[in-house]
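Architecture at a glance
One-letter residues, chain by chain:
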Amino acid sequence: MPAPPAVTCSGLTFAWPDGTAVFEDFSMVVSPGRTGLIGVNGSGKYTLLRLIAGELTAAAGSVTVAGELGYLPQNLALGAPETRVDEALGIARVVAAVRAIEAGDASEENFARVGEDWDAEERARATLDRLGLDRVPLDRRIGELSGGEGVLLCLAVFSVQFLRRPGVLLLDEPTNNLDLAARHRLYEAVGSWRGTMLIVSHDRDLLDMVDQIGELRSGQVRWYGGNLTAYEAAVAVEQEAAERAVRAAESDVQRQKRELIEARIKLDRRQRYGQKMQETGGVPKIVAGNLKRRAQVSAGKLRTGHADRLDEAKERLAAAEEAVRDDDEIRIDLPATAVPSGRGVLALRAVEVRYGARAEVLVRGPERIALVGPNGAGKTTLLRTITREIPAVSGEVKVSVPVRYLPQRLDILDPGLTIVQNVARATPAATENQIRAQLARFLFRGRRADQQAGTLSGGELFRATLASLLLAEPAPQLLLLDEPTNNLDMASVRQLSGALRSYQGALIVASHDVPFLRELGLTRWLQLDGTLTEIDPL
């Protein structure tokens, strides 16, 4: 018999306070096993996880979860800077109760607090040690951790959830900001999971580990058996059939239009002939009147029949077009970003950046470079040092071309200005028509370019930010990107890859997303781990 559902959503209706509807009478059943939930930015994946976790309350409908629920949100809050590591791990009260009992306080409250978790401290210590946090004591304040240690602590919180073995575990973009070693630890944990897991992610390797894919689209979920690779194969077959249906429907519409025109021509000829016969007296008046009435009825039926068939053909075409996915790509032509081969772009000579990382490198011509390394190695710090946001501790940083930097937080645009207005600030010499023409290449056509930056979805905000950088004056001939695929859906990642393939300048991309990096036509891979070294492609 099929296993009972682990998560059931029935008739959910939810809207944000400003009235924006997300779900209306939404229903979904998640079976035991590993399930991937995908969809474009703004489709409601994150909202759905929060509804299941109980962080949000639906206006109508219900959510039922079989067993204990664990939830790791996308932006896991570890707490205030003064929060201790054991508090972030959720074991502080248990550890305190165990120590109180060992000291002689055998109160019922302490025993209830400990429950079955007598080894909570040992398990937490083992988890931290396994993740490379062996030098971080449980009483260390979060504010004293490095950026990389903070990310690893998030992974430790994730691991503690695994140790609890809840019946249902919700994961929202769990590999964001994780280096390759941490990602592989997470993959191992996911691979060994035997409960129910619902994963929202754009990580292709992670989604290839799931048992089924649910695609959230237009407020409904459609299920596909198998992993991401199987899903993409099924969608490719569907799209091929949908495109054939569109071509057939287009042909049918054209045929119905021709037949309608031909029918009108025939009716006009008959009408002119009948009128001529009546005028010449070739037909008695009473007979001509009867013939005219019958002809009018026949003509009306003929016109109506052809018009109805044309309307039906148009409806079939609209339905066929709706089944074809919008796979628009960003296509840009930016000749001013081109860098001649051999021209000096960037020189780092005996540079030491904040937190101690050292770098020495020369970049010439339109090189395309991947910057990889473990969490906390200083990749973001190095990029900000190149842009002079952070001064180098020592050494020389020389940038010989215009440079632009895309940070992880995407906080470049003014949220109160429209997309057009934001780009105009970066390109003061361009006319509004020129700006709109360029924005259309970034998929902001017509009124879409007049949206305020603060109202954009994650994918839209990324495209708008990328447009403001690439269209800036002077044109950037060195582009620095810091974890650009974080929080992007797979369609947006494909669009970004296409845009970067069109970019003709030098490129340095800091990322843990190896499949994305492989799409960029890289010329070099650099690894920062104490020092900057060149490595073989990953």
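Check the entry above for the structure.
Since this is a predicted model, take the numbers as computed values, not measurements.

**Thoughts on the overall build of the protein chain**
Of regular secondary structure, the protein chain possesses 16 helices and 18 strands. Counting only residues that meet the buried cut, the protein chain has 45% of its 538 residues in that class. Long-range pairs, those at least 24 residues apart, make up 71% of the contacts in the protein chain with a sequence separation of at least 6. Total accessible area on the protein chain is roughly 27,200 Å²; 50% of this is exposed by carbon and sulfur atoms.

**Some thoughts on the packing of aromatic side chains**
Summed over all chains, the structure comprises 4 aromatic pairs. Judged by centre distance (5.0 Å) and plane angle (85 degrees), the ring pair of Tyr224 and Tyr231 falls under edge-to-face. An identical accessibility class is assigned to Tyr224 and Tyr231; each is buried. Between the NZ or CZ atom of Arg463 and the centre of the ring of Phe444, over which it lies, the distance is 4.6 Å.

**Points about helix 12 (residues 419-426)**
Buried within helix 12 we find Ile419, Val420, Asn422, Val423 and Ala426. Seen along its axis, helix 12 keeps its buried residues to an arc of 165 degrees; they face one direction. Taken together, the buried residues of helix 12 touch helix 13 (432-441) and helix 14 (458-470).

**Considerations on the sheet that holds strand 1 (residues 7-15)**
Strand-to-strand pairing in sheets goes through backbone hydrogen bonds, with the strands running parallel or antiparallel. Taken in spatial order, the 3 strands make up an open sheet running 2-1-4, and their pairing is antiparallel. Taken across any chain shown, the strands that pair with only one partner, and hence form the sheet edges, are strand 2 (21-30) and strand 4 (60-65). Within the sheet, the average angular offset between the axes of one strand and its neighbour, ignoring direction, is 15 degrees. Inspection of the sheet shows strand 1 paired to strand 2 by 6 bridges, in the antiparallel sense. Looking at strand 2, one finds that Ala15 is bridged to Ala21.

**A closer look at the sheet that holds strand 7 (residues 196-200)**
The 6 strands are arranged 5-6-7-3-8-9 in an open sheet whose pairing can be described as mixed. Edge strands, defined here as strands with exactly one partner in the open sheet, are strand 5 (69-72) and strand 9 (220-225). Direction aside, the axes of adjacent strands within the sheet are offset by 20 degrees on average. Where strand 3 (residues 33-38) and strand 7 come together, 5 bridges link them in parallel fashion. Residue pairing across strands places Gly36 opposite Ile199, the latter belonging to strand 7.

**A look at the packing of helix 12 against helix 13**
Where helix 12 contacts helix 13, the axes come no closer than 10 Å and their chain directions differ by 110 degrees. Considering their axes alone, helix 12 and helix 13 lie roughly perpendicular with respect to each other. When you trace helix 12 past helix 13, the crossing you get is right-handed. Between helix 12, through Ile419, Val420, Val423 and Ala424, and helix 13, the contact on the second element is made entirely by Glu432, Ile435, Arg436 and Leu439. A breakdown of the residues in the contact of helix 12 with helix 13 according to their chemical character gives 6 nonpolar, no polar and 2 charged.

**Description of the environment of Gln527**
Secondary-structure assignment places Gln527 in strand 17 (residues 524-529). Taking the C-alpha atoms as reference, Gln527 lies 9.4 Å from Ala377; in sequence the two are 150 residues apart. Gln527 has contacts with Val372, Gly373, Leu532, Thr533 and Ile535, leaving out every residue within four places of it along the chain.

**Some details on the side chain of Asn110**
Tracing the backbone through its elements, the reader meets Asn110 in helix 4 (residues 108-114). When its relative accessible area of 7% is taken as the criterion, Asn110 is described as buried. Discounting residues that sit within four places of it in the chain, Asn110 has contacts with Ala97, Ala100, Ile101 and Asp105.

**A look at the pattern of salt bridges**
Applying the stated rule across the entire model yields 22 salt bridges. For Glu121, the salt bridge is made with Arg99, and the minimal N-O distance between the two is 2.7 Å. Residue Glu121 is located in helix 5 (residues 120-130), and its partner Arg99 is located in helix 3 (residues 92-102); the two are separated by 22 residues in the primary sequence. On the basis of relative accessibility, which here comes to 25%, the residue Glu121 falls in the partly exposed class. Overall, the relative accessible area of 47% leaves Arg99 in the partly exposed class. Asp203 is the partner of Arg183 in a salt bridge, and the nearest nitrogen-oxygen pair spans 3.1 Å. Here Arg183, found in helix 7 (residues 180-191), pairs with Asp203, found in the loop between strand 7 and helix 8 (204-207); they are 20 residues apart in sequence, far enough to count as distant. Note on Asp203: relative accessible area 5%, which makes it buried.

Quick notes on the rules
- Residues numbered from 1 in each chain as written.
- Predicted model: local features only at pLDDT ≥ 70, side-chain atom pairs only at ≥ 80, totals over all residues.
- Heavy atoms only, no water.
- Helix = DSSP H or I, 4+ residues; strand = E, 2+ residues; numbered from the N terminus.
- Buried < 20%, exposed > 50% of the residue type's maximum accessible area, 1.4 Å probe, protein only.
- Contact = heavy atoms within 4.5 Å.
- Areas by Shrake-Rupley, 256 points an atom, 1.4 Å probe, with all protein chains shown as cover.
- Phe/Tyr/Trp six-rings, centres within 6.5 Å; stacked < 30°, edge-to-face > 60°.
- Lys NZ or Arg CZ within 6 Å of the ring centre and 35° of its normal.
- Arc of directions from axis to C-beta.
- Pairing = 2+ DSSP bridges.
- Axes fitted to C-alpha atoms, helices over the stretch in contact; angles between N-to-C directions.
- Parallel < 35°, antiparallel > 145°, perpendicular 65-115°, else oblique.
- Left-handed = near helix turned anticlockwise from the far one by under 90°.
- Nonpolar A, V, L, I, M, F, W, Y, C, P; charged D, E, K, R; others polar.
- Salt bridge = Lys/Arg side-chain N within 4 Å of Asp/Glu carboxyl O.

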